[in-house]
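Structural description and commentary
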Amino acid sequence: MFNPQALMITGGAGFIGSHLVRRLRRDYGYCGTLVVVDLETYAADRSRLTEVESSIRYVREDICDTEAMRAIIADEHIDAIINLAAESHVDRSIEAPTPFVTTNIAGTCSLLEAARGCWVGRTDVRFYQISTDEVFGALQAGDPLFTESSPYAPRSPYAASKAAADHLVRSYYHTYGLPVLISSCSNNYGPDQHAEKLIPKAITGFLAGRTVPLYGDGLHVRDWIYVSDHTDAIYQILRTGTPGSSYVAGTGVLTGNRMLLEMIITLLAPRLHCEEAALRSLIAAVPDRPGHDRGYGIDASRLHHDLGWSARISLSEGLALTIDHMIGVHTH
Ligand SMILES: NC(=O)c1ccc[n+]([C@@H]2O[C@H](COP(=O)([O-])OP(=O)(O)OC[C@H]3O[C@@H](n4cnc5c(N)ncnc54)[C@H](O)[C@@H]3O)[C@@H](O)[C@H]2O)c1
C-alpha cells in the first residue's frame, strides 16, 4: 500500500478536484500535507474549498509553469501528484481547441517534467493522471463496454487532448521509469458541478422555468457516475494501483439523455409541487453537436477484482442528492 506523505492536487478548485480534496480531509482520514494548485479559470470556484481551507496550502498557479510546479514539489516534499487540472468541456473544445492543447497536453507535460526533475530515481512516488472514457471514442449499439484494453479513438478536441496527455504520461513510465497511474472515468455528476454541464444545466433550467435543450434525438447514452464514487476510486487507485497501470471507472449502467431528463423530472415535480407535464414541456430539441459520440460505457471489472472498488450510488439516488443540494442553493 502506498501512503502519500505530501499530496499535490491540481485543478483542486474544480468540480471533481474540490470533492476529492474535501473527502480526503473529511472522509478518508488523510492527514499528510495537501497542496492544491489551480489557475482559477472560469470553471473554478474557490469557495468549494472553504470547508478545508485551513488544512490545505492553496496555490493559484498554472500547471504550464514548470518552474513553479518544480518549486512546489521540492519545497513541500511532494511524493504524489494527482493531475485533475484541465479544460474539461467538450462543447468549448469544439468552439476553441487551443486552450485544450495548452492545458491538457502542454500542461501535463510541464507537470511531468517538474516531477521527473524532482523525483530522479525514486520509486516511492506517484504521478496520477485523471483521464476520461472519451479517449476511447464512441460506443455503437451492441459494442462491448470500454475496458483498460480498449483502443484509443478520440473524436473531439477535448478527448484528443486527454488522449495525448495519457500517451505522454505512459511514455514517462517507459522512458524514465516515473511511477505513473492513469484512470479513465465515465461522466461525473453531483453537487457543485459547473452549470454548463448537462445535469446541472437541466436541473437549473427546470428550477427556473427555462427551456432545457436536448441534443438530437436524445438517444445518446452515457454511464453516469456520482462524483463521490469517482473520488473513492481515485483514492483507492492512488494507494493500491500498480505503477504503470491504467484503470477504467464507471457504473456499467447506460442511460439515454431523454431518459435522464425524465428521471430528473420524476424527482423534481414532487419537490416543486408541480405536474411532470409542465416540466416536460420545457424540453426543447436542439440540433446535434458535431462529432457527438452516441455512447460511452465502462466495464470496471478490473478495478473491482484487483482493487475492490465498485460504484455504490445509483443514478436515481445520486440525482436526488444533486437536486436537493441545488434546490437548497437555489432557495438561499
Ligand atoms: N467531469 C467529468 O465528467 C469527468 C469525467 C472523467 C474525467 N474527467 C477529468 O477530471 C478532471 C477534472 O474534471 P472536472 O469536471 O472537475 O473539471 P473542471 O472544469 O470542473 O475543473 C478543472 C479545474 O482545472 C483548473 N485549471 C484549468 N486549467 C488549468 C491550468 N492550466 N493550471 C491549473 N489549473 C487549471 C480550472 O481552474 C478548474 O478549477 C479533468 O481532467 C477531466 O478531464 C472529468
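Let me sum up the structure you'll find in this document. (Residues numbered from 1 in each chain as written. Predicted model: local features only at pLDDT ≥ 70, side-chain atom pairs only at ≥ 80, totals over all residues. Heavy atoms only, no water.)

Taken as a whole, this structure holds 18 salt bridges when the rule is applied. Of the charged contacts in the structure, one is a salt bridge between E196 and R92, with a shortest N-O distance of 2.8 Å. Of this pair, E196 sits in the loop between β7 (188-189) and α6 (198-208) while R92 sits in helix α3 (residues 90-95), and the two are 104 residues apart along the sequence. Of the residues examined, E196 reaches a relative accessible area of 13% and is grouped as buried. Of the residues examined, R92 reaches a relative accessible area of 32% and is grouped as partly exposed. When the shortest N-O distance is used, the salt bridge between R122 and D124 registers 2.9 Å. For R122, a relative accessible area of 32% translates into the label partly exposed. Using a relative accessible area of 43% as the deciding quantity, one classes D124 as partly exposed. The structure contains a network of salt bridges with shared partners spanning R23, R26, D27, E51, D232 and R312. (Salt bridge = Lys/Arg side-chain N within 4 Å of Asp/Glu carboxyl O. Helix = DSSP H or I, 4+ residues; strand = E, 2+ residues; numbered from the N terminus. Buried < 20%, exposed > 50% of the residue type's maximum accessible area, 1.4 Å probe, protein only.)

Let us look at helix α5 (residues 157-176). Look at α5: 28 Å from first C-alpha to last across 20 residues, which is about the 28 Å you get at 1.5 Å a residue. Where α5 is concerned, the buried positions are Y158, A159, S161, K162, A163, A165, D166, V169 and Y172. Contact partners of the buried residues in α5: α3, α4 (98-118), β5 (126-132) and β6 (180-185). Phi for G177, located one or two positions after α5, is positive at around 75°. (Expected span 1.5 Å × (residues − 1). Contact = heavy atoms within 4.5 Å.)

For the rest of this paragraph, the subject is the environment of E61. Within the fold, E61 resides in the loop between β3 (57-60) and α2 (66-75). We classify E61 as partly exposed; its relative accessible area is 25%. Non-local contacts of E61, meaning those with residues more than four positions away in its chain, are made with V37, D38, L39, A68 and M69.

Here we come to the site of the ligand. Neighbouring the ligand are 28 residues, the closest being I16, D38, S88, Y158 and K162. Between L84 and the ligand, the recorded distance is 3.4 Å, taken from a backbone N or O atom to an oxygen atom. Contact with the protein chains removes 97% of the 830 Å² of surface that the ligand exposes when unbound. Elements represented by at least two residues in the shell around the ligand include exactly α1 (15-26), β5 and α5. Among the elements that line the shell around the ligand, the one with the most residues is β5, at 3 residues. (Near = heavy atom within 4 Å. Polar contact = N/O pair within 3.5 Å; in protein donor to acceptor, adjacent residues only side chain to side chain. Areas by Shrake-Rupley, 256 points an atom, 1.4 Å probe, with all protein chains shown as cover.)

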